[in-house]
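One letter stands for each residue in the lines below.
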Amino acid sequence: METCVGPIPPDLPARLDQVFSTDGLFKRLYEEITAQSFPMHSRRRIELEPKAVSISAWSPTVVPGLLQTAPYARALLREGDPRASDEEVATLVRARMARQRVLKGTSPPDFSVVICESVLRRNVGGPDVMREQLSALLAHGSQRTTVLQVMPLSAETHGLMDGSMSILTTPDGPPVIYTEGIRSGTIIDDASTVRLLSRSYDVLTASALSRDASARMIQQLMEAS
């Protein structure tokens, strides 16, 4: 740490706050530093995720960042910026993996995620990478605080076909929604719009496969890859 080599250990800020009685100062600084590792348009979402008591996500194109394996993330990031150096890509991968600590703590948020079947069938990074990613999804789906569902390609039209979306609920405010496109993202906090999109998410989960059926589909695709 004194030589500034490598990432900040995730448990260090809380320990420093305890030792120096700084009332969460180091933790807040750490969250700000982590957020700055991401594009400007997604930083508010990154700041909200560690505080969330509930996260609901819909992903029609790729495995959500909170569930990606490092090889899967590396393949996406490498393809997204072919001119980036290996170290630049590695830094982005580490930042994405660091985000996932919100699901691994002693009190993770309630996490609901719906993934389009096409995401599971798309060969990102090659068969070995996809097999590992599908195995990771099965592991995530088995967690008591996680509900993972697959939206089958046979499903009819629904209200969230235009893009990905996350609903984040924190203890100190109403839910907000984050929508994301190619190199762009928007936080929506207008109450009526949040209510409308949340209702669309409820319909989405009702139309998706059940948890068990989703796990069976992922298992079958993993075995066939």
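In this report, the structure presented in the accompanying data block is examined. What you are looking at is a predicted structure, and each value in this text was computed from that prediction instead of being measured.

About the cut-offs
- Residues numbered from 1 in each chain as written.
- Predicted model: local features only at pLDDT ≥ 70, side-chain atom pairs only at ≥ 80, totals over all residues.
- Heavy atoms only, no water.
- Helix = DSSP H or I, 4+ residues; strand = E, 2+ residues; numbered from the N terminus.
- Buried < 20%, exposed > 50% of the residue type's maximum accessible area, 1.4 Å probe, protein only.
- Contact = heavy atoms within 4.5 Å.
- Areas by Shrake-Rupley, 256 points an atom, 1.4 Å probe, with all protein chains shown as cover.
- Arc of directions from axis to C-beta.
- Salt bridge = Lys/Arg side-chain N within 4 Å of Asp/Glu carboxyl O.
- Axes fitted to C-alpha atoms, helices over the stretch in contact; angles between N-to-C directions.
- Parallel < 35°, antiparallel > 145°, perpendicular 65-115°, else oblique.
- Left-handed = near helix turned anticlockwise from the far one by under 90°.
- Nonpolar A, V, L, I, M, F, W, Y, C, P; charged D, E, K, R; others polar.
- Polar contact = N/O pair within 3.5 Å; in protein donor to acceptor, adjacent residues only side chain to side chain.
- Pairing = 2+ DSSP bridges.
- Core = buried A, V, L, I, M, F, W, Y, C linked by side-chain atoms within 4.5 Å.

**So, the overall build of the protein chain**
Assigned secondary structure in the protein chain consists of nine helices and six strands. Scored against the burial criterion, the 225 residues of the protein chain give a buried share of 41%. The contacts in the protein chain between residues at least 6 apart in sequence include a share of 69% that link residues at least 24 apart. Carbon and sulfur atoms form 54% of the exposed surface of the protein chain, whose accessible area is close to 13000 Å².

**Here we look at helix α1 (residues 12-20)**
Note that an α-helix has 3.6 residues per turn; residues three or four places apart therefore point the same way. Considered for burial, the residues of α1 that qualify are Leu12, Pro13 and Asp17. When α1 is viewed along its axis, its buried side chains cluster within an angular range of 140 degrees and face the same direction. Turned more than 90 degrees away from the buried face of α1 sit Gln18 and Val19, all of them exposed. Count one or two residues on from α1 and you reach serine 21, which has phi positive near 50 degrees.

**Here we look at the pattern of salt bridges**
Opposite charge on two side chains permits them to pair, given that their charged atoms come into close proximity. A full pass over the atoms with the stated rule returns five salt bridges. One salt bridge in this structure joins arginine 94 and glutamate 87, with 3.1 Å as the shortest N-O distance. The class for arginine 94 is partly exposed, based on a relative accessible area of 42%. Residue classification places glutamate 87 among the partly exposed residues on the basis of a relative accessible area of 49%.

**Looking at the packing of helix α4 (residues 70-80) against helix α5 (residues 86-99)**
Remark: α4 packs on α5, axes separated minimally by 9 Å, with the N-to-C direction vectors making an angle of 130 degrees. Considering their axes alone, α4 and α5 lie oblique with respect to each other. Our pair here, α4 against α5, has a crossing hand that is right-handed. Taken together, the residues of α5 that come into contact with α4 (itself represented by Ala70, Ala73, Arg74, Leu76, Leu77 and Arg78) are Asp86, Val89, Leu92, Val93, Arg96 and Met97. Split into classes, the residues belonging to the contact of α4 with α5 amount to eight nonpolar, no polar and four charged.

**Comments concerning the environment of glutamate 223**
Relative to the helices and strands, glutamate 223 resides in helix α9 (residues 211-224). In this structure the C-alpha to C-alpha distance between glutamate 223 and leucine 134, which are 89 residues apart in sequence, comes to 9.6 Å. Within the structure, the side chain of glutamate 223 is placed 2.9 Å from the side chain of glutamine 219, a separation counted as a polar contact.

**Some words on the side chain of threonine 205**
The topology assignment puts threonine 205 in helix α8 (residues 191-207). Not counting residues within four places of it along the chain, the set of residues in contact with threonine 205 comprises Val114 and Gln149.

**Points about unusual backbone geometry**
Of note in this structure, serine 21 is not a glycine but carries a positive phi near 50 degrees. Here serine 21 is to be found in the loop between α1 and α2 (25-35). Among the residues examined, serine 21 registers a relative accessible area of 64% and is labelled exposed.

**Digging into the pairing of strand β3 (residues 146-151)**
For β3, the buried fraction is high: five of the six residues fall into the buried class. Here six bridges tie strand β2 (residues 110-116) to β3, and the two strands are oriented parallel to one another. Bridge pairing in β3 places phenylalanine 111 opposite threonine 146.

**Here's the deal with the environment of leucine 148**
Its place among the elements puts leucine 148 in strand β3. Considering only alpha carbons, one finds leucine 148 and leucine 137, 11 residues apart in sequence, at a separation of 8.2 Å. Not counting the four nearest positions on each side in its chain, leucine 148 is found in contact with Leu67, Val113, Leu137, Gly141, Arg211, Ser214 and Ile218.

**Brief notes about the nonpolar core**
Counting residues in each nonpolar core, the largest one holds 44 residues, and the members touching the most others are Trp58, Leu67, Phe111, Leu120, Leu134, Leu137 and Tyr201. The element contributing the most residues to this core is β2, with five residues. Residues contacting leucine 120, with those up to four places away along its chain left out, are Ile115, Met130, Leu134, Leu137, Val150, Met217, Ile218 and Leu221.

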